[in-house]
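The chain contents come next:
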Amino acid sequence: MLRRKLLLGGGALLVTAPAYARKEHHATPAASKSYATFLAGVRREALAQGVSASIIAQALAQTSQPNPKVLQADRHQPEFTLTWAQYKDRVLTEKKMNDGLSAVQQRDALLGQMSSLYGVSRGAMAGIWGLESAYGTRMGTFSVIDALATLAYDGRRASFFRSELLKAFHVVERAGVAPATMLGSYAGAMGQPQFMPSAYLRYAASYPAGGRADIWRNEGDVFASIANYLAQCGWQAGQPWGEGVLLPDTFAQSQLGRSQIRPIAWWQQQGVRPRAGNFDASVSEGAVIRPDGAGGEAFIVYHNFNVIRRYNPSDFYALAVGLLGDAIT
């Protein structure tokens, strides 16, 4: 039976692929300096990147010493080894479904506008919104500047977080957001879509276009940003992400997996059948995955499944987004 390692962060289960597995903490070069010396170096680097001195001062006023709560969360996350069935039960709860139905119903017109504008399905946007921030109700309570500075000074991936900290200064300028109200997770993921600063700079969008993207409070900007992220990553308009299928338990696991892309007709010849109705006529090929092995649920996944994985590189996550989005839209 196949399993995945999971980290508990923010209030949502974060699925980690092997390449993203946690490493043991080691002291970083930055941590050998005083925090004030570290912040002075960050200030110099930000000035060299063209960030205004006033923005830097406002931002760095949010942090005066490493935040012990951030370090505690980073170093001591509970780990779980869950099957897909267990992950699904934890993430796709009845409450999550009911809350999603209500949230989507109230924003049906806005989601429809974003779907038309970006060519991205309402389900994908709603599913990501639900998993990332419980429909905008759980964005995190940490100061993004303080969290990133702490992890850049004394974290497991100091260089990564230093880069994100510097990008956060640019976010302050571009978004026009006060650093004190720039809240997110302990690792610096921000707002309702839980964008890292680098993702904000690359994908954040405003609706109507031309404004400053407020991914914390403006739901038009939230959905535009999620849709733009997926569109920029290659979302194919009008195409599904995948669907549940039935296949013989004896089907060799070696023939399954995201890389095993074959024509739909080939899968049909092997005895693969959709759980409901017929295969979507808009797609001609796909791959079949069976996360828990023989006897577990199976899905045929298409190009857009891999686009969802660009948001979070996990089959479990992409399946949950697809299933949640389908259910609530």
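In case you missed it, the structure is sitting above this.
One structure accompanies this document, and this report is about it. (Residues numbered from 1 in each chain as written. Predicted model: local features only at pLDDT ≥ 70, side-chain atom pairs only at ≥ 80, totals over all residues. Heavy atoms only, no water.)

Topic: the sheet that holds strand β8 (residues 273–274)
Logical step 1: The 5 strands are arranged β7-β9-β10-β6-β8 in an open sheet whose pairing can be described as antiparallel. Two strands bound the open sheet, and with one partner strand each, they are β7 (262–263) and β8.
Logical step 2: Note: strand β6 (residues 242–246) against strand β10 (residues 298–301), 4 bridges, orientation antiparallel. Residue pairing for β10: E243 is matched across the bridge by I300. (Pairing = 2+ DSSP bridges. Helix = DSSP H or I, 4+ residues; strand = E, 2+ residues; numbered from the N terminus.)

Some points on helix α11 (residues 219–232)
Logical step 1: The end-to-end C-alpha distance of α11, which contains 14 residues, comes to 20 Å, matching closely the 20 Å that a straight helix rising 1.5 Å per residue would cover.
Logical step 2: Within α11, 11 of the 14 residues are buried, which leaves it mostly tucked inside the rest of the structure.
Logical step 3: Those residues of α11 not exposed but buried are G220, D221, V222, F223, A224, S225, I226, A227, N228, Y229 and L230.
Logical step 4: The inward-facing, buried residues of α11 abut α6 (108–118), α7 (122–133), α10 (197–203) and α13 (303–311).
Logical step 5: At the N-terminal end of α11, a side-chain oxygen is found 2.9 Å from the backbone nitrogen of G220, two or three residues along, and the residue is N218.
Logical step 6: One or two residues past the end of α11 sits G234, with phi positive at roughly 105 degrees. (Expected span 1.5 Å × (residues − 1). Buried < 20%, exposed > 50% of the residue type's maximum accessible area, 1.4 Å probe, protein only. Contact = heavy atoms within 4.5 Å. Polar contact = N/O pair within 3.5 Å; in protein donor to acceptor, adjacent residues only side chain to side chain.)

Here's the deal with the nonpolar core
Logical step 1: F169 and M182 are the most contacted members of the largest nonpolar core, which has 87 residues in total.
Logical step 2: Leave out the neighbours within four places in its chain, and F169 touches V42, A46, V51, I55, A59, L60 and I145.
Logical step 3: Within the second largest apolar cluster, 13 residues are counted, among which are W267, V272, V288 and A298. (Core = buried A, V, L, I, M, F, W, Y, C linked by side-chain atoms within 4.5 Å.)

Considering the pattern of salt bridges
Logical step 1: Under the criterion given, the structure shown has 10 salt bridges.
Logical step 2: Between R156 and D74 there is a salt bridge, with the nearest N and O atoms lying 2.8 Å from each other. Note that R156 is positioned in the loop between α8 (144–154) and α9 (158–175) and D74 in helix α3 (residues 68–75), a separation of 82 residues in sequence.
Logical step 3: Under the relative-accessibility criterion, D74 is labelled buried at 2%.
Logical step 4: Salt-bridge contacts for R107 lead to E219; the nearest nitrogen and oxygen are separated by 2.7 Å. Of the two residues, R107 is situated in the loop between α5 (94–106) and α6 and E219 in helix α11; the sequence distance between them amounts to 112 residues.
Logical step 5: Using a relative accessible area of 17% as the deciding quantity, one classes R107 as buried.
Logical step 6: Here the residues in one salt-bridge network are R258, R309 and D315, joined through shared partners. (Salt bridge = Lys/Arg side-chain N within 4 Å of Asp/Glu carboxyl O.)

Such coordinate-based values are descriptive only and should not be taken to indicate function.
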